[in-house]
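Here is how the chains run, residue by residue.
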Amino acid sequence: MKKNAFTMIELIFVIVIMGIIGKFGVEFLAQAYKTFIFSSINNTLQSNSAYSVEFITSRLQYRIKDSVIARTAIGGVVVPLADAVGNTYTVLEWISTDMDGFRATSLPNWSGVIDLDSSSSTTLVSPETNTTAVGNLIAILSDSGSSIADIGLYFIGSNSDVLNSFGWSGALTDQSGSIHPVTNTLTPNEFNSSNASDFTGVDVYEYYKLVWTANAIVIDSDSNLIFYYDYQPWNGQTIANAKSSIIMQNISTFQFRALGSIMKIQVCAQSDIIQGNSGEGGYSLCKEKTIF
């Protein structure tokens, strides 16, 4: 009885085929794994950079445009945003209007209008304003760090000197700056000067915006993008007096520049898992946005 079996040539042929399949199969699986890892990291970086840009944009859109400054480091020399050219600036600061109070829950807590006929050199009357509600909301937003005594008014249409009119160089000791420190005593629709000077000789405009905090975005040496809030430069406070919160970690780049009254920001998130083409450093993905 004759039995059939593989010949030596057939065995060799099968072994060669299996080797080829094994070689390219492993490479295929390795490549598929790398593609999955890259896609996952890429999606994470996309999400992180997009979130950071949207966070910053949502706050910068309520900035007082004349108040925006840059610094190369916390506590560094104040540079008007228009003059901040280059990539050495890591600190962006501005004074923000109180949009939470202006929106409120039903009616605005502050109306944004001064009754010039009813106002005096010591008291500004703002019809339909509820300073009690303003103070309560500020206390909540600042975690009891600030109150109605810390607020200021910015008159729309007033002239501004970014270096001296907002408190970046120290507390405003009179009412001649662009931010006018005010407070409230008993009448809920009145603002009173909160320093030794009154509004005598000061240009008081009909429309105003209420402010209670400056804001700052900083990228630190650990690649953290940090948001600072609840401090009043017009009262002599700096970032050292502020509260802070980390927006995002592993940020490689935070850049900004002015285009007239328009701003452009860029944020790059990074990952050290995927190496660059040179085999050194990490992989970054950037998002940028223009703010009017």
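Residues numbered from 1 in each chain as written. Predicted model: local features only at pLDDT ≥ 70, side-chain atom pairs only at ≥ 80, totals over all residues. Heavy atoms only, no water.

**Q** Would you mind showing me how to read the sheet that holds strand S12 (residues 262-271) here?
**A** Within a sheet, neighbouring strands are paired by backbone hydrogen bonds and run either parallel or antiparallel to one another. Here we have three strands laid out as an open sheet, ordered S11-S12-S13, and antiparallel in their pairing. Two strands lie at the open edges of the sheet, namely strand S11 (251-259) and strand S13 (283-291), each paired on one side alone. Between one strand axis and the next, the sheet turns by 15 degrees as a mean value, whatever way the strands run. With eight bridges connecting them, S11 and S12 associate as antiparallel partners. In the strand pairing of S12, Ile251 is matched with Ala269. (Pairing = 2+ DSSP bridges. Helix = DSSP H or I, 4+ residues; strand = E, 2+ residues; numbered from the N terminus. Axes fitted to C-alpha atoms, helices over the stretch in contact; angles between N-to-C directions.)

**Q** Mind showing me how you'd approach the pattern of salt bridges here?
**A** Once their charged atoms are close, side chains differing in charge can pair, the charge on each being opposite to the other. Across all of its chains, the model carries four salt bridges by this definition. Note that Glu54 is salt-bridged to Lys289, the shortest N-O span being 2.7 Å. You can see Glu54 sitting in helix H1 (residues 8-60) and its partner Lys289 sitting in strand S13, a full 235 residues away along the chain. Put simply, Lys243 and Asp230 hold a salt bridge, and the shortest N to O gap is 2.4 Å. Here Lys243 is found in strand S10 (residues 243-248), whereas its partner Asp230 is found in the loop between strand S9 (225-229) and S10, with 13 residues between them in sequence. (Salt bridge = Lys/Arg side-chain N within 4 Å of Asp/Glu carboxyl O.)

**Q** Help me understand the layout of surface pockets, please; the structure alone is not making it clear to me.
**A** Here the idea is plain: a probe the size of a water molecule rolls over the atoms and shows the empty space left. What the largest pocket holds in volume is close to 380 Å³. As for the largest pocket, its lining consists of 15 residues, and the residues nearest its centre are Arg59, Ser96, Asp100, Trp212 and Asn215. Counting only elements with at least two residues in the lining of the largest pocket, the list comes to H1, strand S3 (91-97), helix H2 (99-103), strand S8 (208-219) and S9. Within the lining of the largest pocket, the residues separate by chemical class into six nonpolar, five polar and four charged. (1 Å grid on protein atoms, 1.4 Å probe; cavity = no way out; pocket = protein on both sides within 12 Å on 5 of 7 lines; lining within 4 Å. Points joined across faces, edges and corners; volume = space filled by probe spheres on them. Nonpolar A, V, L, I, M, F, W, Y, C, P; charged D, E, K, R; others polar.)

**Q** Could you clarify how one ought to interpret the nonpolar core in this entry?
**A** For soluble globular proteins, nonpolar side chains are generally found buried alongside one another. Grouped together as the largest cluster of nonpolar side chains are 29 residues, with contacts concentrated most on Ile56, Leu92, Leu225 and Phe254. Of all the elements in the fold, those that place two or more residues in this core are H1, S3, S8, S9, S10, S11, S12 and S13. Counting residues per element, this core draws most heavily on H1, at six residues. Once you skip the residues sitting within four places of it in the chain, Ile56 turns out to touch Ile217, Leu225, Ile247, Phe254, Ile265 and Val267. (Core = buried A, V, L, I, M, F, W, Y, C linked by side-chain atoms within 4.5 Å. Buried < 20%, exposed > 50% of the residue type's maximum accessible area, 1.4 Å probe, protein only. Contact = heavy atoms within 4.5 Å.)

**Q** In this structure, what is going on with helix H3 (residues 131-141)? I would like to understand it.
**A** Since one α-helical turn is 3.6 residues long, residues separated by three or four positions face the same way. Of the residues making up H3, those classed as buried are Thr131, Val134, Gly135 and Ile138. An end-on view of H3 places all buried positions within 95 degrees of arc, on one side of the element. The elements touched by buried residues of H3 are strand S7 (190-193) and S8. Near the N-terminus of H3, the side chain that reaches the backbone nitrogen of Thr132, with its oxygen 3.1 Å away, is that of Asn130. With its phi angle positive at about 55 degrees, Asp143 sits one or two positions after the end of H3. (Arc of directions from axis to C-beta. Polar contact = N/O pair within 3.5 Å; in protein donor to acceptor, adjacent residues only side chain to side chain.)

**Q** Sorry, what's going on with the state of the cysteines here?
**A** In protein chemistry, a disulfide is the covalent bond that joins the sulfur atoms of two cysteines. Applying the stated rule across the entire model yields one disulfide. Linked covalently through their sulfurs, Cys268 and Cys286 form a disulfide whose S-S length is 1.9 Å. Around the S-S axis, the bridge from Cys268 to Cys286 shows a dihedral of about 105 degrees and counts as right-handed. In this pair, Cys268 is assigned in strand S12 and Cys286 in strand S13, connecting sequence segments 18 residues apart. (Disulfide = S-S within 2.5 Å.)

**Q** Just checking my understanding: could you explain the environment of Val53 for this structure?
**A** Here Val53 is to be found in helix H1. For the pair formed by Val53 and Asn215, sequence separation is 162 residues and the distance between their alpha carbons is 15 Å. Among residues more than four places away in sequence, those in contact with Val53 are Ile265, Val267, Lys287, Glu288 and Lys289.

**Q** Explain the packing of aromatic side chains here, please?
**A** Summed over the entire model, instances satisfying the criterion amount to eight aromatic pairs. The interplanar angle of 45 degrees and the centroid separation of 4.8 Å between the aromatic rings of Phe102 and Trp110 together place this pair among those described as tilted. Note on Phe102: relative accessible area 31%, which makes it partly exposed. Its relative accessible area of 3% is what places Trp110 among the buried residues. Between the aromatic rings of Phe191 and Tyr208, the centroid separation amounts to 5.8 Å while the plane-to-plane angle is 80 degrees, which identifies the pairing as edge-to-face. Of the two residues, Phe191 sits in strand S7 while Tyr208 sits in strand S8, which places them 17 residues apart along the sequence. (Phe/Tyr/Trp six-rings, centres within 6.5 Å; stacked < 30°, edge-to-face > 60°.)

No statement about biological role is implied by the geometric values presented.
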